[in-house]
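Examination of the molecular architecture
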Amino acid sequence: MKKFLTFMLIVCMSSLMEAQDADTKPGDVNLPSTTAELETLASNETGSFTYSVSDYFQKPNQSTFRFSPNGKYLSYREKDDAAKTHVYVKNTDTGETIRAIEEKEELIRGYFWANDDRLLYIKDQGGNENYQLFAVDLDGANEMALTPYEEVRVEFVEILEDQEDYIIILMNKENPQIFEPYKINITNGDLEKLYTNNDPANPIAGYDFDKDGRLRAFTQQQNGTEYVLKYQDEEGGEFREIMRTNWKDNFSISGFDYNNDNPHAAYVRSNLESDTEEIILYDLKEGTTLKRVFRDEIYDAGGMSRSRKRNWEVDYFYYTGEKFTILPVSDTFKGLYNRFKEVFGDQQFYITSKTKEEDKYLLYVTSDKLYGKYYMYDKNKDEVTELFDLMPNLNPEDMAEMRPIKFKSRDGLDVYGYITIPNKAKMGEKVPVIVNPHGGPYGPRDEWGFNPETQLFASRGYATLQVNYRGSGGYGKSFWLAGSKQIGRKMLDDLEDAVAYIKQEDWVDGDKIAIYGASYGGLATLGSLVKTPDLYTCGIDYVGVSNLFTFFKSFPPYWKPYLAQVYEQWYDAESEEDQEIMKQVSPALNVDKITKPLFVVQGANDPRVKIDESDQIVKNLRDRGVDVPYMVKYDEGHGFGHEGNRIELYKSMMGFFAKHLK
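Quick caveat: nothing in here was measured; it's all calculated off a predicted structure.

1. Re helix α6 (residues 490–502)
With 13 residues, α6 extends 18 Å between its outermost C-alpha atoms, agreeing within 8% with the 18 Å of an ideal straight helix rising 1.5 Å per residue. For α6, the buried fraction is high: 10 of the 13 residues fall into the buried class. Residues of α6 that are buried include every one of M491, L492, D493, D494, L495, E496, D497, A498, V499 and I502, and no others. Packed against the buried residues of α6 are β28 (401–408), β29 (414–421), β30 (431–435), β31 (463–468), β32 (508–518) and α7 (520–531).

Take a look at the structure:
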């Protein structure tokens with residue numbers, strides 16, 4: 001479905017801290033609630049609980065385990081007393097451990113191995129999502145800022161395993177609206193631009209490189225809503241158009257087939273000939289389908305995994321249905337899969353890392369009740385060893401069940417979702433329900449697994465209802481497109497229909513239904529309080545959009561080329577007819593209809609949903625005399641990444657729910 005804008009919540013923001021002057025702080029500094037006011041809000045939750053808010057939202061002491069390519073080293077993040085998570089490297093033979101990367105004022109947003117000797121990591125500033133790339137030796141020496149550019153965003157593309165000192169990245173270095181590919185030397189920072197985009201009005205939305213770093217194809221956006229896949233038949237030749245689609249369709253290269261005598265064979269994700277996305281083997285030169293490789297009737301294909309060591313043999317396909325599902329293909333992986341199932345049973349496992357020789361695997365194992373454990377599998381010894389329990393303090397036996405649900409919408413759509421059921425509900429007590437719409441809205445979806453939020457809510461006696469409303473990803477093109485131009489309308493109907501469905505359960509207290517969401521989920525929260533104020537008892541809006549007019553005008557530069565698609569998928573701000581709808585579904589313009597208590601939360605440096613979106617809703621409500629608690633963090637962006645901020649947020653949130661739901 002191409003490079004559409006997902007606007008989803010990505011909880012991974014950074015830090016500048018509150019040393020900023022009031023004059024330089026974003027937004028209206030007079031609006032946020034004081035620390036004392038938020039502490040008073042949090043104090044509404046009283047009682048004795050088995051687990052504290054901190055138990056659910058503190059960072060694990062260790063996390064993010066990864067093998068070096070040769071398997072000689074194991075890297076991981078470890079938390080110190082100040083909640084900073086540094087990166088350590090452990091010699092798997094000697095056990096010697098050294099700190100390779102120190103997390104300082106800014107959060108480390110992610111890290112990975114570039115080769116056997118060097119690590120890469122990214123940071124931004126205060127959650128602004130202008131990521132910069134850094135490199136360091138595994139012993140912490142020779143640290144270098146590879147992309148020390150202001151107001152430039154780096155995106156990772158490809159590790160070149162056969163060129164160990166090089167990777168391929170994208171940067172909007174020369175034009176903030178356009179990302180171009182660069183080959184960068186991770187030892188000295190030398191840059192080589194690999195392709196120049198000379199047409200800012202029709203930017204390239206994605207580049208397809210092969211394992212040797214050759215640009216084989218790219219997808220160019222044209223006319224705002226069309227995507228043209230251009231392919232280079234021979235090295236040095238012209239890039240010619242081989243496929244043209246619009247934003248409603250998908251035809252995108254997943255990877256080139258190196259286990260094939262045909263040099264033009266590639267695995268492609270497509271929904272051109274099926275409602276659900278399938279994986280096909282396609283001849284890019286001849287424009288023909290060689291083989292239909294994988295498809296599910298209900299759910300979109302998630303992807304595939306191949307073995308580089310075994311000449312790129314396909315090991316498995318995967319997709320997310322009610323749960324994450326792996327379908328083994330190769331005989332080698334079938335053996336591994338059966339071994340893992342033997343050990344982990346019905347728990348979900350994900351292969352997070354493997355050595356170049358594929359003799360050691362790292363697996364992350366989780367479930368709806370298990371936060372997560374890391375295991376190592378030594379293939380030569382056929383041994384599975386537990387490495388680390390991320391949250392040993394959370395006993396799975398105390399956690400709540402997350403149950404998949406399915407119901408019919410009022411207009412006949414099959415809608416899926418999940419309900420997390422508090423243990424007290426199973427003892428015959430009626431419990432309140434928190435409706436929790438996910439972000440996006442187009443593309444993301446909720447999934448089965450351990451969710452600290454829903455488990456915290458369940459521990460306080462609240463059920464959580466998560467609905468993959470129309471427009472959510474993973475359920476095929478028809479379901480995805482059914483959400484077009486339905487923000488504030490049928491998308492909210494789906495939430496209401498889900499509430500009606502769950503109210504049929506005798507353990508649901510139908511008079512106490514709250515709604516809480518982040519990003520688009522925040523817009524859905526506000527919209528629901530406008531559209532059906534009698535249905536909900538209260539709501540929490542976390543980094544949510546409140547005014548579609550101002551939201552569209554505040555896009556980051558690299559979103560601007562996709563505005564025409566947004567106008568077709570969301571609403572057209574230049575159409576008089578759509579403008580009328582936008583007025584009706586923009587909560588900030590309809591605050592007179594909000595009659596239920598509301599708590600608003602915002603990261604001040606959010607580049608996706610600017611602080612003005614939250615300021616508007618708070619100011620407009622307060623001008624009507626409505627008391628709106630408002631939490632703003634000036635070292636955060638689109639979601640809170642600092643441990644202390646997250647814990648404070650959820651303490652205030654639980655106090656708000658205790659005040660209005662109990």
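2. Considerations on helix α12 (residues 643–661)
Since the α-helix turns once every 3.6 residues, residues separated by three or four places project in the same direction. For α12, with 19 residues, the first-to-last C-alpha span of 26 Å sits near the 27 Å given by 1.5 Å per residue. Most of α12 sits inside the fold, with 14 of its 19 residues counted as buried.

3. Topic: the pairing of strand β21 (residues 301–307)
Most of β21 is tucked away, with six of its seven residues classed as buried. With six bridges connecting them, β21 and strand β22 (residues 313–320) associate as antiparallel partners. Counterpart to S307 in the pairing with β22 is E313. Counting the residues that bridge the hairpin from β21 to β22 gives five residues, and of these N311 lies at a positive phi of roughly 55°.

4. With respect to unusual backbone geometry
Cis geometry is found at the peptide bond from G440 to P441, where omega equals 0°. The residue A83 is not glycine, and still its phi comes out positive at about 70°. Along the chain, A83 falls in the loop between β2 (73–79) and β3 (85–91). Accessibility expressed as a relative area gives 15% for A83, which makes it buried. Its identity is not glycine, yet V543 carries a phi of approximately 45°, on the positive side. The topology assignment puts V543 in the loop between β33 (538–542) and α8 (548–553).

Quick notes on the rules
Residues numbered from 1 in each chain as written. Predicted model: local features only at pLDDT ≥ 70, side-chain atom pairs only at ≥ 80, totals over all residues. Heavy atoms only, no water. Helix = DSSP H or I, 4+ residues; strand = E, 2+ residues; numbered from the N terminus. Expected span 1.5 Å × (residues − 1). Buried < 20%, exposed > 50% of the residue type's maximum accessible area, 1.4 Å probe, protein only. Contact = heavy atoms within 4.5 Å. Pairing = 2+ DSSP bridges.

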